[in-house]
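Close look at the chain arrangement
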Amino acid sequence: MKGDTACTLLQPKEYKSGVKPVWCPGCGDFGVLGSITKALSGLRIQPENVAIVSGIGCSSRMPTYLNTYGFHGVHGRALALATGLKVARQDLTVIATGGDGDGFSIGGNHFLHTCRRNPDMTYIVMDNQVYGMTKGQASPTTDPNWVQGKLTPSGTGINPFQPLVIALASGANFIARTSSSDSNGTARVIMEAIRHPGFSMVQVLSPCVTFRPEQREWKHMLIPAPAAMEATSDPALAARRLLTDEGVYTGILYQGDRPAYQPKHEPSIDNIAELDEEFQI
Ligand code: SF4
Ligand code: MG
């Protein structure tokens, strides 16, 4: 469901489960939780028509805190689970949530092929450039010079993964970057991402205040993309922008028009004789 003005208007807080988040005080993921509830409320999507699917990590706890259907899966497999669910239940609004480690390292292969396949769902990645839940190791999006005690005492020395450029090159149909400190702005982008057909990728820069306290400064560094960079449907133009924007511009940066992946449902066979016949060589 893409939202229905005939449906009951629920307040954002009514999309919360009542389970108290265990995130560290000040974690950016609180803002994203608020943005998701505002977006669902704004679109008037009823909680029973939403499924939130995640993998493993701090931000992957998201399904627990929402009063929707949810699936907290295994590490890096959120997109595979979410794709299967969307194909089977086209009527649901499917949202995958997770972090940069879960999505771009352990789940990196699924990320590429979900962009390519283009199912009609939204992927919200809370990117803090670190593995937070396992106590602060470098992740795929970590800066090469970030020094972490014993594991990377001289930094990783390798260039970070560029999730939005990779998403574009792999076929994602909607690409946006937001800041968790801008809860209303992120909510507006998530609403557009849900509305847009196909695979929508939303990177939310969401500080890990425990292992990357310097990320508190992001709220002063991230700026709305200038009017000249408003969402384009030209992938070549979007690629040039994403490769040169130094990761500071927020907003909807690309909106394509590829048809969403939705295989036709074949009626299932429940007659044993028919099944036997199908498998005969
Ligand atoms: Fe948030 Fe970092 Fe704490 Fe995890 S470790 S809850 S990402 S602040
Ligand atoms: Mg992370």
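Now for a description of the structure that goes with this document. (Residues numbered from 1 in each chain as written. Chains lettered and ligands numbered in written order. Predicted model: local features only at pLDDT ≥ 70, side-chain atom pairs only at ≥ 80, totals over all residues. Heavy atoms only, no water.)

The next subject is the coordination of the magnesium ion (ligand 2). Surrounding the magnesium ion (ligand 2) are the protein donor atoms D100 (OD), N128 (OD1) and V130 (O), which sit 2.2 to 2.4 Å from the metal. Spacing between the donor residues of the magnesium ion (ligand 2) along their common chain follows D-x27-N-x1-V. Remark: N128 occurs in the loop between β4 (122–127) and α5 (163–170) and D100 occurs in helix α3 (residues 100–106); sequence separation between them is 28 residues. We classify D100 as buried; its relative accessible area is 1%. (Donors = N, O, S within 2.8 Å, 3.2 Å for Na, K, Ca; no water. Helix = DSSP H or I, 4+ residues; strand = E, 2+ residues; numbered from the N terminus. Buried < 20%, exposed > 50% of the residue type's maximum accessible area, 1.4 Å probe, protein only.)

On to the pattern of salt bridges. Counted according to the given criterion, the structure contains four salt bridges. With a shortest N-O distance of 2.7 Å, D91 and R89 are connected by a salt bridge. The partly exposed category is assigned to R89, whose relative accessible area is 39%. Of the charged contacts in the structure, one is a salt bridge between R195 and E192, with a shortest N-O distance of 2.7 Å. Highlighted residues: R195 and E192, both in helix α6 (residues 183–195), separated by three residues, approximately one helical turn. Take R195: its relative accessible area is 40%, and that puts it in the partly exposed class. (Salt bridge = Lys/Arg side-chain N within 4 Å of Asp/Glu carboxyl O.)

Pairing within the open sheet is mixed, and its eight strands lie in the order β2-β1-β3-β4-β6-β5-β8-β7. The sheet is open, and its two edges are formed by β2 (69–72) and β7 (223–224), each paired on a single side. Here strand β3 (residues 93–99) runs beside β4; their pairing, made up of five bridges, is parallel. When the sheet's bridge partners are listed, A96 is paired in β4 with Y123. Sheet strands in contact with α6 are β3, β4, β5 (174–179), β6 (200–205) and β8 (249–255), and its direction is about 165° off that of β5. (Pairing = 2+ DSSP bridges. Contact = heavy atoms within 4.5 Å. Axes fitted to C-alpha atoms, helices over the stretch in contact; angles between N-to-C directions.)

This part is about helix α4 (residues 108–117). Among the residues of α4, G108, F111, T114 and C115 are the ones counted as buried. The arc enclosing the buried residues of α4, seen along the axis, measures out at 125°, which places them on a common side. Where α4 ends, the next residue or the one after it, N118, has phi of about 70°, a positive value. (Arc of directions from axis to C-beta.)

For the rest of this paragraph, the subject is the site of ligand 1. Around ligand 1, the surrounding shell consists of W23, C24, C27, C58, N128, G132, C208, V209, T210 and F211. Taken together, the residues of the shell around ligand 1 break down into seven nonpolar, three polar and no charged. (Near = heavy atom within 4 Å. Nonpolar A, V, L, I, M, F, W, Y, C, P; charged D, E, K, R; others polar.)

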